[in-house]
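Observations on the three-dimensional arrangement
The lines below spell out each chain.
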Amino acid sequence: MYTTNMASEREAPVPSPHVGKKKKKPAARYWDEDPKGEKNDNKTENNDVESGKKLSNKRKREADLHHASKGKKIFLSGKDDPFPGPAPIPKNRIEKFKRKGETMPKTRKKNHKLKRLMAQSKDLSTMSQNQAARFDLLLPEDEGFLEGDEGEDTCTISQEDIAEAVDISSSAKYFNLKLSQFGPYRLDYSRTGRHLLLGGKRGHIACMDWQSKQLMCEINVLESINDVKWLHSESMYAVAQKKWLYIYDSNGIELHCIRKFNDVLRMQFLPYHFLLATASATSFLQYLDVSVGKEVAAFCTKTGRLDVMCQNPHNAIIHLGHPNGTVTLWSPNQKEALVKMLCHQGGVRSVSVDKTGTYMVTSGMDKKLKVFDIRTFKPLKSYFLPAGASCLSLSQRGLLSAATGDVVQVYRDVWRTPVTKPYMAHRARGSVWGLHFCPFEDVLGVGHGDGFTSMLVPGAGEPNFDGLDANPYRSAKQRQEWEVKALLEKIQPELITLNPNKLGEVDRATFAQRHKDRVETLGFDPLAKEKFVPRFKKKGRSSSGAVEKRKKQVAHEDQRELIKESVEVKMRTEKEHKKNKASVVSGHKSALDRFRK
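Residues numbered from 1 in each chain as written. Predicted model: local features only at pLDDT ≥ 70, side-chain atom pairs only at ≥ 80, totals over all residues. Heavy atoms only, no water.

1. Concerning a nonpolar patch on the surface
Side chains of Tyr-272, Ile-491, Leu-495 and Leu-503 sit close together on the surface and give an oily, nonpolar patch of about 350 Å² of accessible area. Among the secondary structure elements, Ile-491 is positioned in the loop between α6 (476-488) and α7 (511-522). (Patch = residues over 30% accessible without salt bridge, like charges linked within 9 Å, V, L, I, M, F, W, Y side chains within 5 Å. Areas by Shrake-Rupley, 256 points an atom, 1.4 Å probe, with all protein chains shown as cover. Salt bridge = Lys/Arg side-chain N within 4 Å of Asp/Glu carboxyl O. Helix = DSSP H or I, 4+ residues; strand = E, 2+ residues; numbered from the N terminus.)

2. Quick word on the packing of aromatic side chains
Taken as a whole, this structure holds ten aromatic pairs when the rule is applied. Between Tyr-189 and Trp-210, the aromatic rings sit 6.1 Å apart at their centres with planes inclined by 70 degrees, giving edge-to-face as the arrangement. Placement of Tyr-189 in strand β2 (residues 185-189) and of Trp-210 in the loop between β4 (204-209) and β5 (214-220) is noted, with a sequence separation of 21 residues between them. Relative to Tyr-473, the ring of Phe-465 lies with its centre 5.8 Å away and its plane at 55 degrees, an arrangement referred to as tilted. Ring pairing ties together the aromatic residues Trp-230, Tyr-237, Tyr-246 and Tyr-248, which thus form one cluster. (Phe/Tyr/Trp six-rings, centres within 6.5 Å; stacked < 30°, edge-to-face > 60°.)

3. Points about the sheet that holds strand β1 (residues 175-178)
A sheet is described by the order of its strands in space; here four strands give the open sequence β1-β28-β27-β26, paired in antiparallel fashion. Pairing within the sheet leaves two strands with one partner each, and these edge strands are β1 and β26 (432-437). Within this sheet the neighbouring strands show an average axis-to-axis angle of 15 degrees, counted without direction. Sheet topology note: the strand β27 (residues 443-448)/strand β28 (residues 451-456) ladder contains six bridges and is antiparallel. If you follow Gly-447 over to β28, its bridge partner there is Phe-452. (Pairing = 2+ DSSP bridges. Axes fitted to C-alpha atoms, helices over the stretch in contact; angles between N-to-C directions.)

4. Observations concerning the environment of Phe-437
With respect to the helices and strands, Phe-437 occurs in strand β26. With 38 residues separating them along the chain, Phe-437 and Leu-399 place their C-alpha atoms 9.3 Å apart. Once residues lying within four places of it in the same chain are set aside, the contact partners of Phe-437 are Tyr-189, Ser-393, Leu-394, Ser-395, Leu-399, Ser-401, Val-443, Leu-444, Val-457 and Ala-460. (Contact = heavy atoms within 4.5 Å.)

5. What about the nonpolar core?
In this structure, Tyr-189, Leu-196, Trp-210, Leu-435, Leu-444 and Val-457 are the most contacted members of the largest nonpolar core, which totals 33 residues. Where this core is concerned, the elements lending two or more residues are α4 (159-165), β2, β3 (195-200), β24 (407-411), β26, β27 and β28. Here Leu-435 is in contact with Leu-187, Cys-391, Ser-393, Ser-401, Ala-402, Ala-403, Val-408, Leu-444, Gly-445 and Val-446, once residues within four sequence places are set aside. By size, the runner-up hydrophobic cluster in this structure holds 30 residues, among which are Leu-275, Tyr-287, Leu-329 and Val-348. (Core = buried A, V, L, I, M, F, W, Y, C linked by side-chain atoms within 4.5 Å. Buried < 20%, exposed > 50% of the residue type's maximum accessible area, 1.4 Å probe, protein only.)

6. Digging into the side chain of His-344
Here His-344 is to be found in the loop between β17 (339-342) and β18 (348-353). Among the polar contacts listed, one links the side chain of His-344 to the side chain of Asp-366, at a separation of 3.1 Å. When neighbours within four sequence positions are excluded, His-344 is seen to be in contact with Asn-324, Gly-325, Thr-362, Ser-363, Gly-364, Asp-366, Lys-368 and Lys-370. (Polar contact = N/O pair within 3.5 Å; in protein donor to acceptor, adjacent residues only side chain to side chain.)

7. Some words on the confidence of the model for the chain
Of the residues in the chain, 81% have a pLDDT of 70 or more, and the chain-wide mean is 83. Note that pLDDT drops below 50 for residues 1-14; the model gives that stretch zero contacts with residues more than four away or on any other chain. Overall, residues 35-46 carries pLDDT values under 50, and its contacts beyond four positions in sequence, including any with other chains, amount to zero contacts. (pLDDT = per-residue confidence, 0-100.)

8. Some words on the sheet that holds strand β8 (residues 244-249)
Strand order in the open sheet formed by four strands is β6-β7-β8-β9, with antiparallel pairing between adjacent strands. Two strands lie at the open edges of the sheet, namely β6 (225-230) and β9 (254-262), each paired on one side alone. Shown here is a sheet whose adjacent strand axes are inclined to one another by a mean of 20 degrees, direction ignored. Sheet topology note: the strand β7 (residues 236-241)/β8 ladder contains five bridges and is antiparallel. When the bridges of β8 are listed, Ala-240 appears paired with Leu-245.

9. Side note on empty space enclosed by the protein
Counting across every chain of the model gives two cavities of 30 Å³ or more. Volume-wise, the largest cavity comes out at about 30 Å³. Ser-190, Arg-191, Thr-192, Trp-230, Leu-231, His-232, Ser-233, Glu-234 and Arg-474 together form the lining of the largest cavity. Here the second largest cavity defines a volume of roughly 30 Å³. Looking at the second largest cavity, the residues that line it are Arg-191, Thr-192, His-232, Asp-469, Ala-470, Arg-474 and Trp-482. Across the lining of the second largest cavity, the residue classes tally to two nonpolar, two polar and three charged. (1 Å grid on protein atoms, 1.4 Å probe; cavity = no way out; pocket = protein on both sides within 12 Å on 5 of 7 lines; lining within 4 Å. Points joined across faces, edges and corners; volume = space filled by probe spheres on them. Nonpolar A, V, L, I, M, F, W, Y, C, P; charged D, E, K, R; others polar.)

So, in structure tokens, the structure goes:
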């Protein structure tokens, strides 16, 4: 039985459940009896109060603005700001973005306009530094590295253990593709790190979105493949086949067959120049502009078969390794090598350059792994590998992967400290034919005789990407817009130099050049001395012989100062030489020195 208790009219009213809150007054209704006079009086009073409040607020605002103009603080909320002024920026972050040579040069003349312009440029420079330091704080992602337990070596940790320890999305990045029929495989990742391109030695080509495992196309060209390379976007790629160079789209449709580029063994794509550089078995280095489809340059290196090639991402210089142990640096502007370096006693097997363009790592037939500083072209470190390294690859964070047979070893900080053991190691299912780190991911792609392996390498990829340059999450529309902007901003091949900072320097005219321009504008040389014309003398003293004698005397006067200086320098050096000789002689004691007083 359910019972309900109804409150009678005599019972006390139930108290409101809203404790501590005043009940809102209900809105006035038209049936409420309210005298009109009272209503109007209340209205006028309320209007007067509101107008008074408005006036006081207006005066207060004016007073605040007046104080602000005098440099006094304004507290709009009525409370003191606990953190007044702009947020402080750490000094180490400002130093990171500080420009070199920021001291203002002192001008001798009082040029007020120039001083004002220089002060404005200094203020703008300081503001840009602070903004860059503030935006750097918005990059929260940090690279991580593999850390073992106490006494545990990280190179003994297997890929299966790492995949079990990480989250599901990261563990899905470790996988194997068994493709034993058409191997061994060479590979390439797109600039965004989203797409993978595989090329088997026996003609198999496959491109895919490796993160979602979605296959874009898969074809067999029915002839051997030497190398594969993505072009400016994931919609086109180049394949170096047995005879010629072919261009395909992402659907596997053949777009071009370039017969000028024959017997190509290795390829590198320069993204900011839209240039495809190829090295052939006939010792030719060729450049193809993919935006217009024309050959830019072709050089015969005269060094034999070119099967070792890499690029410097900093200045777009091509590095070639040769069987005689040398590494040569090339640009499309010069027919001869810019630099020739003797790196190994045997042939060079692989070359790799870091993204800053500072260090180059090479491996050779002498079983040595060497690290060079490209700024000085001198070796920094040298390591001995028992079996040598056939393939090398450097990650965005400076990790080095080296393949020896079917074993892939990853090293850390090879150019800073001497390395005694690898950071990570993994045994592939076949002999390794290609290595490549995936951009913006802690992943190393390994192409071997049994297919492809995607390894997890913590700390390999750059955690913060530039969304305007290479955005891994861009849509098709964003990719189209980026492609148009990249074509408009394409750098011409004539600007490829060893030192790209030279292009930003001011070409200051020399004194000789300025003097030459001045002579051309004036029509005469203002610094030239007037030709000496002897004064005519009487009584036979202005004969031709006497005039020539006076001319010679004046001509010798100009040389007298130079002769005096040279004689003084000669005398000084002779005196110093005698002193040194005397000190050397005095240093040798003889038996008769004891009789000298």
